[in-house]
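Summary of the model geometry
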Amino acid sequence: MIQREYDAIVIGGGIQGLCLGAYLQRAGMQVAILERRHEEGGCVCTRETTAPGFMHNHAVCMEFLDWMPFYHDFGLAKLGARTLYPDAQFGIPFSDGSPPIILYSIASAENYERSHRSISTYSKKDADTWVGLRRKAQDLEPLFCQFFYNPPAMPTPDDPDPFQTLNRTLLGLMGLPEHLAQGSGKDLIDFLFETPGLRTLLYKGLEDWGTPLETKGLGAFALISLFFVETNSRIMIGGTHTLAHAMVMACVREGVEFHERAEVNKILVRNGRAEGVVLADGTEVRARKLVASNADLKQTLLRMVGEEHLSRRWVESTRAFRYGRSCVLGSVHMALREAPDYKSARHDRDINRTFITVVGVDTPEEMTEHCREVEAGKIPTIPALFTSCLSVFDPTYAPAGRHALSAWIFFPKASALGRAEWARVKATYNRRVLERFESWAPNMTRTNVIADFFETPLDLQDDKRIPEGDFCYGAICPEQLVHKRPFLEAAQYRAEIPNLYLASSGQHPMGGVSAGVGYNAYKVIAQDFDLPYRPWETTGRGF
Amino acid sequence: MERETYDAIVIGAGHNGMALSAYLGRSGWKVLVLERRLEEGGGLSTELYTEPGFLHNLHSNYHTFVGLCPVYDDLHLVGGPDGVAYGHPPVQMGSIFADGTALTIHTDMAKTHASMSRFSPKDADTFLRLYREVKGFQDLMIRTLMYAPPIDVNDITRALSTWKVEEKTEFFRARLRSMCINDFLNKHFEHDRVKAMLAFHAAVCGYYTDVVGLAVSFPFMLGKIDNWRIAIGGSHRLAHALWRQMRRAGVTLLPAAPVAEILLEGGRAAGVRLEDGTEFLAEKVVASSVDVGQTFQKMLPPGSVPLPVLDQVEQYEYQDGSLFTVHLALHKLPKYKAAAFDPDIDRAWVLNAGYECLEDFNEDWAAIRKGEAPAEPKLNVAVNSLFDPTDAPEGKATGLIRVFAPHSLRGEGPEAWRTPFREAYARKCVDKFLGYCDGFTAEDIWVARPYTPLDISEKLVNMVRGDWMVGRIADSNLLANRPSPALSQYRTPIRGLYLCGSTTHPHGFITFGPAYNALQVIADDFGMDKWWAEI
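Residues numbered from 1 in each chain as written. Chains lettered and ligands numbered in written order. Predicted model: local features only at pLDDT ≥ 70, side-chain atom pairs only at ≥ 80, totals over all residues. Heavy atoms only, no water.

1. Remarks on the sheet that holds strand 16 (residues 397-405) of chain B
Residues and elements named next belong to chain B. Taking strand neighbours across the sheet as the criterion, the seven strands line up as 7-6-14-15-16-13-17 in an open arrangement whose pairing is mixed. This sheet does not close on itself; its edge strands, each paired only once, are strand 7 (102-106) and strand 17 (445-451). In this sheet, adjacent strand axes meet at a mean angle of 20° when their direction is disregarded. (Pairing = 2+ DSSP bridges. Helix = DSSP H or I, 4+ residues; strand = E, 2+ residues; numbered from the N terminus. Axes fitted to C-alpha atoms, helices over the stretch in contact; angles between N-to-C directions.)

As structure tokens, then:
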């Protein structure tokens, strides 16, 4: 049974909530994490969706683990969250069997050379450009972390637009012209690279690492997706579920109390502050000090708090906050007899051992067309897949000799289609995927597939309350970033109601398995409550 | 390379491995548990197998030792913020018969008697006498048989003889050793339907009714016919509770860490090596909760295990059959035509829909032994949402239909479970189920997703051939014979290596017996203070 009173209540046991909960508990508060579902972790989960024994991750690329304070401050590796760091990170094979383009990890100088060699098959100039920028970004990692793992800079008379300052700074540090800031990520890629195949690969990477392709004003922000987080990805051994488990265990070890199947209906606003919550079953749970919500902005403020407690400015800004269509994914899961064997492997076998491969699009035009269809709210005709077959790297992902494949594809928002339409897509889309896939890897026939499953943005919304299926809990666009994420007054994690904090991925920095929001929200709370635990001051890392 | 050292390493984080590790951890030992899968739990697995919001118990569904097993109390597994909340359905089980009649078993035995009397007042009386008699012996049974290292069945017989059991009880006889459950039922009961109900109870517990010798266990089982509990939120809640207790006891659990080899040093089990090459050292104990095949044939180097023991391992037998399940996401709770005869049937948990007499069971066992799925599936059905308000979205329900089925289908092997036969058989089961329903049709079923014997063995490697009891249930493979005479006391010929899983006494199912008993032996061997409940 739920004890009735805690110092801090965290609504939602997704990674932001788990992170925040662990830090608050270590700082001396008695924390309860209230999770609506039967288990914590949210998007950080692994399920045997196709057939038992075959592991499919929801989120797959753990590119923030090197930097994630939560991972290091709480020793998650020792709690069972172990990783692999594949050398061949991100690549594109082609349906005509042309040499693939593979980008390698930044773990060694040798890997940089391998990336260079691979791109040089098409263009030495592009190879030089890519390696040069990637190296610069690697050197700039400490600064990147400063940006990511801190509350956003707010406007001041000297710096009235921190987002533009960020853009200028990024471009300046990377040695690129300022005008790129006004363009889109696509403009940036086209400016930098000439090889069509490389452009195709990077268009897809841009989208999957959080930046929509053709949105203007993100030309500098796109550098983050392309050069900071790309090619820095780890695989969780066993499945990303182990990371969620380690996070939960870290919380348990600190003394956090968990309650599953505890859906919050209302945040109690009394005496001018957030005093606790009311669950769906009517139980009232009090918070002596604060309530923090991991749930999305609209759910938190409009449903749980209620408009009557908010100013018009806050209500309007919350309503105006957009979800999607960036970061809205459908996912393909397949249990296979054999891993894909790409035609392009005859030129370079590494493509069969590349962490993520882009399959289904050969040209920038195809990729652009795909994104435009999705932008227009349509189910894409061409499946452009962000594919991983992790059993190739970690045999525990599938029974002996078999393989588990997952692929992500950009899809319209959950509300773009009706339930019946989504059900039809769910039942049929994989057929289209497989037909396409076979042109890239001839062994991807019907008989190679033991079982398959398709998850739609609507499923994500139904299951995990991911709004519209948008894993960043808020569109990535100039109007909703940095000091405007989710909007100016709410950007420092404090809600309008005293003692209520906003900690969903719709805050700065954004989604992705980074636990950045949880950490940053903790910083603000630590300041507000004068908490003694401040690892950004005591560890050497500087953030 | 530096290798981390522990007092004990436990292989496998099923409920037995976890329980043992928690006891050892609380005794002050530094313990490491290595689990092949990405998460702990083994058979304690609950997943969203159909649609968002529908929680399905993919393996263990029934917990029948709550309140009887000391481990629940010792490890604080029930209640509290970290423990499991158990429901205890008042209508424990029932049978629906083709002629529209039904029999129901209640926690209130007067009601059970009343229901049985409608078929045979004589049988109802007999049953009540049997139940009461067993209840009188239940503590003794548990103490001497279940939660203690096994004694030889000859010793049991001698002890019962000395005690003059045949003069003191109506139902316990030395003769039971040569009887199968069918024999026992035929001897004491007259009505086919009553016998079918009681046989069903045994079958769901993993006891085939035509296997000679199992009549010995049957009375004891009947004493628990009123103890079927449901873990609110799914069986995995018990795994979570164990995991949290392990954490509190300072136990380290590593997921995705399949063990390749048990390391030996000077004839002693000194540690393990994972498939990825990582090694860990154990100063006192390596305890394997996985099957004997993996333990002795895969993890130990040739020559390290005496040949007679290896022979016994090689000859280790598994159950003839496994389970085929159809997991259901329902738009509403089903109701049955038989409710006109007995309204309580609509609120019964474990439902027999298909077995009408003992011969029906015999037919199924015969089919399974021939490698065939029973042509006419006879179902055991459970709609957990009747008792668990959290396992389905508002207004919906989660359920399952189970059938005893072979792992290997004659002619095609286990891969046959991946052919269209899988869906066809599921449809057959669902159609059969619908035939018993009233006002509940195919439209009320949102998703019916099969889970086959092959799925069981692919997911839980330890459940060889999908055998969730992890070893044949028969005289030759129970008590001091399980897994073999040389290995039945949880020790192995290798110093420091212990067995603590379902291949040891008592057997599979959520009993915690193997772990608790292995713990006694380890405690004796290491002079540990037994702080836990004296059973």
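Additional details are given in the paragraphs that follow.
2. Points about the sheet that holds strand 17 (residues 449-455) of chain A
All names here are of chain A. With respect to topology, seven strands assemble into an open sheet ordered 7-6-14-15-16-13-17, the strand pairing being mixed. Pairing within the sheet leaves two strands with one partner each, and these edge strands are strand 7 (101-104) and strand 17. Between one strand axis and the next, the sheet turns through 20° on average, direction left out of account. Of the pairings in the sheet, the one linking strand 6 (residues 88-92) to strand 14 (residues 356-359) comprises two bridges and is parallel in character. Across the sheet, the residue bridging to Gly 91 is Thr 357, located in strand 14. Across the sheet, helix 15 (residues 457-464) lies against strand 13 (329-336) and strand 17, angled at about 70° from strand 17, the strand it touches most. (Contact = heavy atoms within 4.5 Å.)

3. A closer look at the interface of chain A and chain B
With 42 residues of chain A in contact, the opposing surface of chain B contributes 40 residues. The junction of chain A with chain B conceals about 3300 Å² of combined surface from both sides, 55% of it contributed by carbon and sulfur atoms. Viewed at the interface, chain B and chain A are joined by eight salt bridges. The tally of links from chain A across to chain B stands at ten residue pairs in polar contact (both at pLDDT 80 or more). Only strand 3 (46-47), helix 10 (241-254), strand 9 (257-259) and helix 15 of chain A provide two or more residues apiece to the side of chain A that touches chain B. Top contributing element to the side of chain A that touches chain B by residue count: helix 10 of chain A, with seven residues. Looking at the side of chain A that touches chain B residue by residue, the class counts come to 13 nonpolar, 13 polar and 16 charged. (Buried area = accessible area lost by both parts, 1.4 Å probe. Salt bridge = Lys/Arg side-chain N within 4 Å of Asp/Glu carboxyl O. Polar contact = N/O pair within 3.5 Å; in protein donor to acceptor, adjacent residues only side chain to side chain. Nonpolar A, V, L, I, M, F, W, Y, C, P; charged D, E, K, R; others polar.)

4. Thoughts on helix 16 (residues 516-529) of chain A
Residues and elements named next belong to chain A. Between the first and last C-alpha of helix 16 there are 20 Å, a value that for 14 residues agrees with the 20 Å anticipated at 1.5 Å per step. Counting buried positions over the 14 residues of helix 16 gives eleven, a clear majority of the element. Of all the residues in helix 16, the buried ones are Gly 516, Val 517, Gly 518, Tyr 519, Asn 520, Ala 521, Tyr 522, Lys 523, Val 524, Ile 525 and Ala 526. On its buried face, helix 16 is in contact with helix 1 (15-26), helix 2 (69-73), helix 5 (141-148), strand 12 (284-293), strand 18 (500-502) and helix 17 (535-538). (Expected span 1.5 Å × (residues − 1). Buried < 20%, exposed > 50% of the residue type's maximum accessible area, 1.4 Å probe, protein only.)

5. Some details on the confidence of the model for chain B
Overall, the predicted model of chain B reaches an average pLDDT of 95, with 99% of residues at or above 70. Overall fold confidence for the complex sits at a pTM of 0.91, while the interface term, ipTM, reaches 0.85. (pLDDT = per-residue confidence, 0-100.)

6. Considering the pairing of strand 7 of chain A
Residue and element names in this part refer to chain A. Residue alternation in strand 7 divides its side chains into two sets, Ile 101 and Leu 103 and Ile 102 and Tyr 104, and both sets are buried. In terms of strand pairing, strand 6 meets strand 7 through four bridges, oriented antiparallel. Note that in strand 7 the partner of Ala 88 across the bridge is Tyr 104.

7. Some details on the domain arrangement of chain B
Residue and element names in this part refer to chain B. According to the domain assignment, chain B contains domain 1 (4-47 + 235-317 + 469-526) and domain 2 (87-230 + 320-459). Relative to domain 2, the C-alpha centre of domain 1 lies at a distance of 29 Å. Taken together, the contacts link 23 residues of domain 1 with 21 residues of domain 2. Across the interface of domain 1 and domain 2, roughly 1800 Å² is buried in total on both sides, 60% from carbon and sulfur atoms. Interface area lost by domain 1 to domain 2 is led by Ile 473, Asp 475 and Leu 479, which between them contribute 27%. For the interface between domain 1 and domain 2, the tally reads one salt bridge. Measuring nitrogen to oxygen at the nearest pair gives 3.3 Å for the salt bridge that ties Arg 472 to Asp 320. At the junction of domain 1 with domain 2, the criterion picks out eight residue pairs in polar contact (both at pLDDT 80 or more). Across the side of domain 1 that touches domain 2, the residue classes break down as twelve nonpolar, eight polar and three charged. (Domains from an automatic or database assignment.)

8. Focus on the nonpolar core
Nonpolar side chains tend toward joint burial in soluble globular proteins. Leu 24, Phe 70 and Leu 243 of chain A are the most contacted members of the largest nonpolar core, which totals 353 residues. With ten residues, helix 4 (residues 121-146) of chain B is the largest single contributor of residues to this core. Split by domain, this core shows at least three residues from each of two domains, domain 1 (4-47 + 235-317 + 469-526) and domain 2 (87-230 + 320-459) of chain B. In contact with Leu 24 of chain A, other than residues within four places in its own chain, are Ala 8, Val 10, Met 29, Val 31, Leu 290, Tyr 522, Ile 525 and Leu 531 of chain A. (Core = buried A, V, L, I, M, F, W, Y, C linked by side-chain atoms within 4.5 Å.)

9. Regarding the pattern of salt bridges
Tallied over the entire structure, the rule returns 67 salt bridges over all chains. Between Glu 48 of chain A and Arg 37 of chain B there is a salt bridge, with its nearest N and O atoms 2.9 Å apart. Here Glu 48 of chain A is found in the loop between strand 3 and strand 4 (56-57), whereas its partner Arg 37 of chain B is found in the loop between strand 2 (31-34) and strand 3 (46-47) on a different chain. Here the two residues Glu 48 of chain A and Arg 37 of chain B agree in accessibility, since each one is buried. The salt bridge partner of Arg 129 of chain B is Glu 170 of chain B, with a shortest N-O separation of 2.8 Å.

10. Considerations on the packing of aromatic side chains
All names here are of chain A. Under the definition given, this model contains 64 aromatic pairs over all chains. Look at Phe 70 and Phe 74: their rings are 5.4 Å apart centre to centre, the planes differ by 80°, and that puts the pair in the edge-to-face class. What makes Phe 70 buried here is its relative accessible area of 1%. On the basis of relative accessibility, which here comes to 1%, the residue Phe 74 falls in the buried class. Taking the ring centre of Tyr 112 as reference, the NZ or CZ of Arg 135 above it sits at 4.5 Å. (Phe/Tyr/Trp six-rings, centres within 6.5 Å; stacked < 30°, edge-to-face > 60°. Lys NZ or Arg CZ within 6 Å of the ring centre and 35° of its normal.)

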